[in-house]
Amino acid sequence: MKFIACVKLTPDTEQLAEVRLEKVSTGDLGVTMVLNPWDEYAVEEVLQLAERYDGDTVAITVGNEDFVEALKRAVAMGVGEAVLLSDPAFAGSDAWGTADILAQAIKQQDGYALVLTGKQSVDGNSGVVGAGVACKLGIPYVSNVIKIEDVSGGYAVVRRMLDEGVQTVKVSLPAVVSVSIEINEPRYPNFMGIRKASRMQYPAQGVGDIPGLESGKVGVGAALVKWTDLRKPPKRGSQCEFIQGASAVEQATSLVDKLIADKVI
Ligand SMILES: Cc1cc2nc3c(=O)[nH]c(=O)nc-3n(C[C@H](O)[C@H](O)[C@H](O)COP(=O)(O)OP(=O)(O)OC[C@H]3O[C@@H](n4cnc5c(N)ncnc54)[C@H](O)[C@@H]3O)c2cc1C
């Protein structure tokens, strides 16, 4: 059985307050980038599942070449295979495009049972990529999972946290599951893991390497809202006019006339 963790590179949250709005569309926020904290739980869970079921683990990411850092962290934690999906044609993909790239690449993985995502990213924060991947793969999606009880006989039994309480769900495999932070305690990479991660090769796979991926359906051209169109709001012009008058009554009368003329009152 194979267990796949989707991982994203995100800004170090301690530095997020420093990010300026106009830098968002550039992709270079000027802060340290790290493995999305929520995805550490997905990585830890695929490791634990692989230990329980003698399976294989894969970490997969869509992004520019810097996203290798997210893969390195996953490999350092113990993941066996790392897949970097990176191509200039992917730049500016929205959540649906990102999900499509992930899904088409996941289709190339034989025998995967569960695809795990974090609950959300700390930057984009939409929490929809996992659902999009499931939709594109045509397989079930379970969100907010706090425990994976069992994976056997073509099904997974999972517990998910709802506002009303905890719900137990039996879902057919393969499936996509987004995990919440209650699910485990992510391990710290050890020295051997860090060394393995630094020696591993991370060749980028692009549009031409992934069957079923159409360049027209990903990238900024296919995004419903294009971040490149984000601009600072135009500066508001303002004029200052001093109301004249010999007395306070004259000034007040003049002000009221002006406000009526300008249709303010
Ligand atoms: C330079 C740049 C330009 C962008 N331009 C646009 C744009 O023009 N229009 C637009 O709508 N959006 C744009 N985006 C946002 C981009 O679409 C989102 O970052 C992406 O869809 C993920 O959405 P999210 O961060 O809300 O993830 P969420 O849905 O919150 O993430 C949930 C989980 O999905 C997985 N996941 C999310 N993203 C990835 C990933 N990249 N690789 C692997 N797993 C992942 C992780 O497990 C994560 O925990 C841009 C992003 C960047 C960096």
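Please read these numbers as outputs of a predicted model, since none were measured by experiment.

A. Structural view of the overall build of the protein. When helices and strands are tallied, the protein shows 6 helices and 11 strands. Computed over the C-alpha atoms, the radius of gyration of the protein is 25 Å, more than 25% above the 18 Å expected from 2.2 N^0.38 for a compact globule of 265 residues. In terms of its C-alpha atoms, the protein occupies a principal-axis envelope of roughly 90 × 45 × 40 Å. Looking at the protein as a whole, 40% of its 265 residues are labelled buried. For the protein, contacts bridging at least 24 residues in sequence account for 71% of all contacts bridging at least 6. Charged side chains of the protein number 26 positive and 34 negative; the gap between the two group centres comes to 1 Å.

B. Seen up close, helix α6 (residues 248-261). Taking 1.5 Å as the rise per residue, α6 with 14 residues should run 20 Å; its terminal C-alpha atoms sit 20 Å apart, in good agreement. Positioned one or two residues after α6, K263 has a phi angle of 60°, which is positive.

C. Quick look at helix α1 (residues 37-53). Helix length check: α1 (17 residues) gives 25 Å between terminal C-alpha atoms against 24 Å at 1.5 Å per residue, within 8%. Within α1 the residues assigned to the buried category are D39, E40, Y41, A42, V43, E44, E45, V46, L47, L49 and A50.

D. Region of the structure containing unusual backbone geometry. L173 connects to P174 through a cis peptide bond whose omega is -5°. Residue placement: P174 occurs in the loop between β9 (165-172) and β10 (175-179). Backbone geometry at N125 places phi at a positive 70°, although glycine is not the residue there. Take N125: it is sitting in the loop between β6 (112-118) and α4 (129-137).

E. Structural view of the layout of surface pockets. By volume, the second largest pocket is sized at about 180 Å³. Together, 14 residues line the second largest pocket, and L35, E69, K72, R73 and A76 are the ones closest to its centre. Contributing elements (two or more residues each) for the lining of the second largest pocket: β3 (33-35), α2 (68-77) and α5 (191-199). Broken down by element, the residue count for the lining of the second largest pocket peaks at 5 residues, all from α2. Grouping the amino acids of the lining of the second largest pocket by side-chain chemistry returns 9 nonpolar, 1 polar and 4 charged.

F. Quick look at the packing of aromatic side chains. For the structure shown, the criterion picks out 1 aromatic pair. When the ring centre of Y155 is taken as reference, the NZ or CZ atom of K170 above it lies at 4.7 Å.

G. Region of interest: a nonpolar patch on the surface. The grouping of L224, V225, W227 and L230 at the surface amounts to a nonpolar patch, some 500 Å² of accessible area in total. The residue L230 is located in the loop between β11 (204-205) and α6 in this model.

H. Structural detail: the domain arrangement of the protein. Domain boundaries assigned for the protein yield domain 1 (2-229) and domain 2 (235-265). Using C-alpha coordinates to define each centre, domain 1 is positioned 59 Å away from domain 2.

I. Summary view of the sheet that holds strand β4 (residues 56-62). Pairing within the open sheet is mixed, and its 9 strands lie in the order β9-β8-β7-β10-β6-β1-β4-β5-β11. Where the open sheet ends on each side, the last strands, each with one partner, are β9 and β11. Where strand β1 (residues 2-6) meets β6, 4 bridges bridge the pair, whose relative direction is parallel. Note that in β6 the partner of K2 across the bridge is Y112. Along the sheet, α2 makes contact with β4 and β5 (81-85), crossing β5 at roughly 170°.

J. Seen up close, the site of the ligand. The local shell around the ligand holds 30 residues, among which D39, S93, S121, S126 and V225 are the closest. At 2.8 Å, a backbone N or O of C6 approaches an oxygen atom of the ligand. Within the backbone of V128, a nitrogen or oxygen atom sits 2.8 Å from an oxygen atom of the ligand. Burial of the ligand by the protein amounts to 87% of the accessible area it has alone, namely 940 Å². Looking at the shell around the ligand, the elements that each hand over two or more residues are β4, α3 (95-106) and β6. Among the residues making up the shell around the ligand, the classes are represented as 11 nonpolar, 14 polar and 5 charged.

About the criteria used
Residues numbered from 1 in each chain as written. Predicted model: local features only at pLDDT ≥ 70, side-chain atom pairs only at ≥ 80, totals over all residues. Heavy atoms only, no water. Helix = DSSP H or I, 4+ residues; strand = E, 2+ residues; numbered from the N terminus. Rg over C-alpha atoms; globule rule 2.2 N^0.38 Å. Buried < 20%, exposed > 50% of the residue type's maximum accessible area, 1.4 Å probe, protein only. Contact = heavy atoms within 4.5 Å. Lys, Arg positive; Asp, Glu negative; His and termini not counted. Charge placed at Lys NZ, Arg CZ, Asp CG, Glu CD. Expected span 1.5 Å × (residues − 1). 1 Å grid on protein atoms, 1.4 Å probe; cavity = no way out; pocket = protein on both sides within 12 Å on 5 of 7 lines; lining within 4 Å. Points joined across faces, edges and corners; volume = space filled by probe spheres on them. Nonpolar A, V, L, I, M, F, W, Y, C, P; charged D, E, K, R; others polar. Phe/Tyr/Trp six-rings, centres within 6.5 Å; stacked < 30°, edge-to-face > 60°. Lys NZ or Arg CZ within 6 Å of the ring centre and 35° of its normal. Patch = residues over 30% accessible without salt bridge, like charges linked within 9 Å, V, L, I, M, F, W, Y side chains within 5 Å. Areas by Shrake-Rupley, 256 points an atom, 1.4 Å probe, with all protein chains shown as cover. Salt bridge = Lys/Arg side-chain N within 4 Å of Asp/Glu carboxyl O. Domains from an automatic or database assignment. Pairing = 2+ DSSP bridges. Axes fitted to C-alpha atoms, helices over the stretch in contact; angles between N-to-C directions. Near = heavy atom within 4 Å. Polar contact = N/O pair within 3.5 Å; in protein donor to acceptor, adjacent residues only side chain to side chain.

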